[in-house]
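Tertiary structure, described
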Amino acid sequence: MRKLLAYIRPYAGKMSVVFIIKFIGTIMDLFLPWILAFIIDSVIPRKDVTLILWYGSAMVVCSFVAWTCNVIPNRKASWIATRITRSLRHDLFSRVLALSAAQADVYGSPSLISRVSSDTYNVHEMVAKMQRLGVRAPILLIGGMAITLSLEPVLTLILIALMPLIGIVVYAISRRGIPLYTVVQKKVDALVRAVRSDITGIRVIKALSKMEYEKERFSVVNKDVTDAERHAAHVMAVTNPLMNLFLNLGLTLVVLFGAWRVNDGLTEPGRIIAFLSYFTIILTAMLSITRMFVILSKGIASARRIEEIMDMEGERKQEKSRTMNTDGGITKGMDDAQMDNGEVYSEKTLVEGSAEKAHVVFNDVSFFYPRTTAGVRNVSFALKKGQTLGIIGATGSGKSTVVKLLLRLYDVNSGSVRINGVDVRDIPDDVLYEQFGVVFQNDFILADTIRENISFGRDLDDQAILCAAEIAQATPIIAGHPEGLDYRLAIMGANISGGQKQRILIARALAAQPAILVMDDAMSALDYRTDALVRGGIARSLAETTTIIVAQRISSIMHADHILVMEDGQVIGSGTHGHLVATCEVYRDISSSQIGGQDEKRA
Ligand SMILES: Nc1ncnc2c1ncn2[C@@H]1O[C@H](COP(=O)(O)OP(=O)(O)OP(=O)(O)O)[C@@H](O)[C@H]1O
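Residues numbered from 1 in each chain as written. Predicted model: local features only at pLDDT ≥ 70, side-chain atom pairs only at ≥ 80, totals over all residues. Heavy atoms only, no water.

Naming follows an unreviewed UniProt entry, where the protein chain appears as Xenobiotic-transporting ATPase of Parasphaerochaeta coccoides. Listed in UniProt under the heading Subcellular location (unreviewed entry), the comment for the protein chain reads: "Cell membrane". (UniProt positions renumbered as here; feature names shortened; annotations may be inferred.)

Rendered as structure tokens:
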């Protein structure tokens with residue numbers, strides 16, 4: 001709640017206004033039964049119609065003021081809650097984006113999605129309803145009690161006797177409510193996860209006729225959410241009827257004792273009627289307070305889940321203790337950076353002399369995904385500026401992991417990843433990410449124009465976009481539509497082919513002329529000729545760019561300056577194509593199975 005309070009604080013002034021207006025409206029509501037009692041007991045017996053009309057008018061005015069003073073702050077309260085939630089959601093979303101891949105793995109995307117969506121909604125409900133009911137209900141309760149005490153002290157004792165019972169119910173229920181609603185939110189996470197994976201894989205599900213299977217799987221998760229919600233609602237549902245029971249019991253006792261007191265001439269009928277009205281007001285206030293506890297239970301559970309993410313910091317801090325200039329050192333004069341210890345790489349470097357002028361260096365890098373034994377072990381290589389590294393290997397052998405470590409999506413467990421001699425952990429994120437153009441295996445296409453999909457928020461001019469499209473062989477896609485660059489792509493690239501999608505993604509990666517280009521299985525959907533044209537274009541137009549290509553197809557990497565062959569998270573062969581064909585059995589097998597003897601011809 002500490003973090004949430006920081007978002008509420010700027011609105012404290014406006015909230016105070018809401019509370020004051022709400023206070024006035026509530027006092028007016030409290031006045032009405034009192035005026036009614038006065039009219040019945042003191043004005044009507046005088047048989048003065050003018051006086052009755054005056055008091056009647058006073059009741060109308062009070063009702064109108066009460067109505068106005070409730071509507072205005074209710075609207076303002078919603079406005080404040082919307083603003084607070086908007087800022088909170090914005091910051092939470094930024095925080096989620098800033099999480100390291102390892103941190104995001106801990107929670108998983110569905111949980112993060114529901115924290116940004118349904119948890120912030122629960123907080124919105126809490127902030128809005130607390131302003132609306134937080135003042136009104138306690139005032140109606142306390143004020144109502146005070147007035148009944150002055151009207152009929154004896155009868156009020158009945159009400160006071162019921163208060164501790166009601167207090168115990170509210171306390172017990174709210175204590176159980178918070179954990180129950182935390183469980184509900186966790187189940188919602190699982191539901192989001194199921195929906196997300198089914199919608200993402202809808203084509204495969206249909207193609208394999210797995211609709212029934214998926215429906216059943218979804219039903220299980222759906223039932224889990226329903227059960228958790230029902231259980232929470234079951235506990236909470238006890239509250240209102242129990243309150244009604246207590247208060248109806250009290251009401252009956254008031255009528256009985258009231259009738260007896262009127263008969264004995266100890267009080268007047270108007271007072272008993274007013275007393276019954278106050279009882280209804282107090283009953284409503286009690287129910288509102290219990291409703292507030294339900295909303296509070298949900299809101300606090302959600303606020304804690306949000307704070308869990310907001311409090312996650314530290315993992316991505318740059319460790320200033322290591323070598324670095326104030327700007328990250330990477331931007332200037334780093335071309336000639338020396339590796340720390342040329343000796344370390346002398347046997348493992350993939351380029352002669354790279355120890356003197358290395359652009360990208362992996363120095364004995366080992367990494368394991370949190371709580372698993374999967375990852376990579378003892379990976380070393382060095383690349384000069386403008387060189388190309390090809391990485392090949394079986395599925396799950398660790399190729400993408402190498403790329404993720406270079407992009408610092410995860411931090412190494414041991415060894416180091418260096419760019420121009422600077423450890424990536426020492427490079428500020430914005431400086432680091434400026435270095436890269438990246439195409440991932442399942443990269444995403446925005447539901448936007450081709451221009452925006454290539455420019456990707458970088459304000460690139462059309463010339464740069466068209467130039468990148470040319471190298472990526474994406475020009476025919478643009479020319480194929482009368483709208484050209486303004487042709488709108490559907491989300492996930494649903495209205496273009498897989499190969500066209502990859503060409504747009506490659507154009508996006510090339511458009512800003514990155515210092516390092518990473519293509520992780522980015523050309524699998526391209527035909528051999530287009531694949532070769534793209535690689536040729538990159539080599540010609542981005543001669544200074546150091547390129548890393550992860551591929552399953554040997555023709556995509558065989559012309560690379562260096563090739564890593566990976567198996568089970570380890571490098572089992574490295575060198576040029578010719579060297580590997582001669583020395584690495586796995587590579588030779590891949591090579592002969594894919595291109596046989598005609599390697600040079602096809603690529
Ligand atoms: N986020 C993750 N959490 C835990 N394990 C992971 C994670 N990502 C990958 N792995 C595991 O790490 C190993 C290496 O995965 P990686 O994605 O690097 O393989 P790859 O060679 O790129 O495979 P592919 O060719 O199928 O893309 C695999 O065993 C994989 O299951």
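**Focus: the layout of surface pockets**
In this structure, the largest pocket spans a volume of roughly 1800 Å³. Lining of the largest pocket is provided by 42 residues; of these, Leu97, Leu409, Phe440, Asp443 and Phe444 occupy positions nearest its centre. Contributing elements (two or more residues each) for the lining of the largest pocket: helix H3 (49–98), helix H4 (101–107), helix H5 (109–151), helix H6 (153–200), helix H12 (399–406), helix H13 (429–434), strand E6 (436–439) and helix H17 (498–510). The element contributing the most residues to the lining of the largest pocket is H5, with five residues. Residues belonging to the lining of the largest pocket are distributed by class as follows: 22 nonpolar, nine polar and eleven charged. (1 Å grid on protein atoms, 1.4 Å probe; cavity = no way out; pocket = protein on both sides within 12 Å on 5 of 7 lines; lining within 4 Å. Points joined across faces, edges and corners; volume = space filled by probe spheres on them. Helix = DSSP H or I, 4+ residues; strand = E, 2+ residues; numbered from the N terminus. Nonpolar A, V, L, I, M, F, W, Y, C, P; charged D, E, K, R; others polar.)

**Here's the deal with H3**
Look at H3: 73 Å from first C-alpha to last across 50 residues, which is about the 74 Å you get at 1.5 Å a residue. The backbone nitrogen of Thr50 has a side-chain oxygen 3.1 Å away, supplied by the residue at the start of H3, namely Asp48. (Expected span 1.5 Å × (residues − 1). Polar contact = N/O pair within 3.5 Å; in protein donor to acceptor, adjacent residues only side chain to side chain.)

**Thoughts on the site of the ligand**
Near the ligand you find 15 residues, and of these Thr395, Gly396, Lys399, Ser400 and Thr401 are the closest. Between the ligand and Tyr369 there is a distance of 3.4 Å, counted from a nitrogen atom to a side-chain nitrogen or oxygen. Protein chains shield 69% of the accessible area of the ligand, which is 630 Å² for the free molecule. Looking at the shell around the ligand element by element, the count peaks at four residues for H12. A per-class count over the shell around the ligand returns four nonpolar, eight polar and three charged. (Near = heavy atom within 4 Å. Areas by Shrake-Rupley, 256 points an atom, 1.4 Å probe, with all protein chains shown as cover.)

**A short note on unusual backbone geometry**
Trans peptide bonds make up the majority, and among non-glycine residues the majority have a negative phi. Although it is not a glycine, Arg371 adopts a positive phi angle of roughly 60°. By secondary structure assignment, the location of Arg371 is in the loop between strand E1 (360–368) and strand E2 (375–383).

**Observations concerning the nonpolar core**
Judged by nonpolar contacts, the single largest core of 46 residues is most densely connected at Leu30, Ile166, Leu247 and Tyr278. When contributions to this core are tallied by element, the ones reaching two or more residues are helix H2 (12–43), H5, H6, helix H8 (211–237), helix H9 (239–263) and helix H10 (269–310). If we skip the residues at most four places from it in the chain, Leu30 touches Ile139, Leu140, Gly143, Gly144, Ile147, Tyr278 and Ile281. Judged by nonpolar contacts, the second largest core, of 45 residues, contains Ala509, Ala511, Met558 and Val565. (Core = buried A, V, L, I, M, F, W, Y, C linked by side-chain atoms within 4.5 Å. Buried < 20%, exposed > 50% of the residue type's maximum accessible area, 1.4 Å probe, protein only. Contact = heavy atoms within 4.5 Å.)

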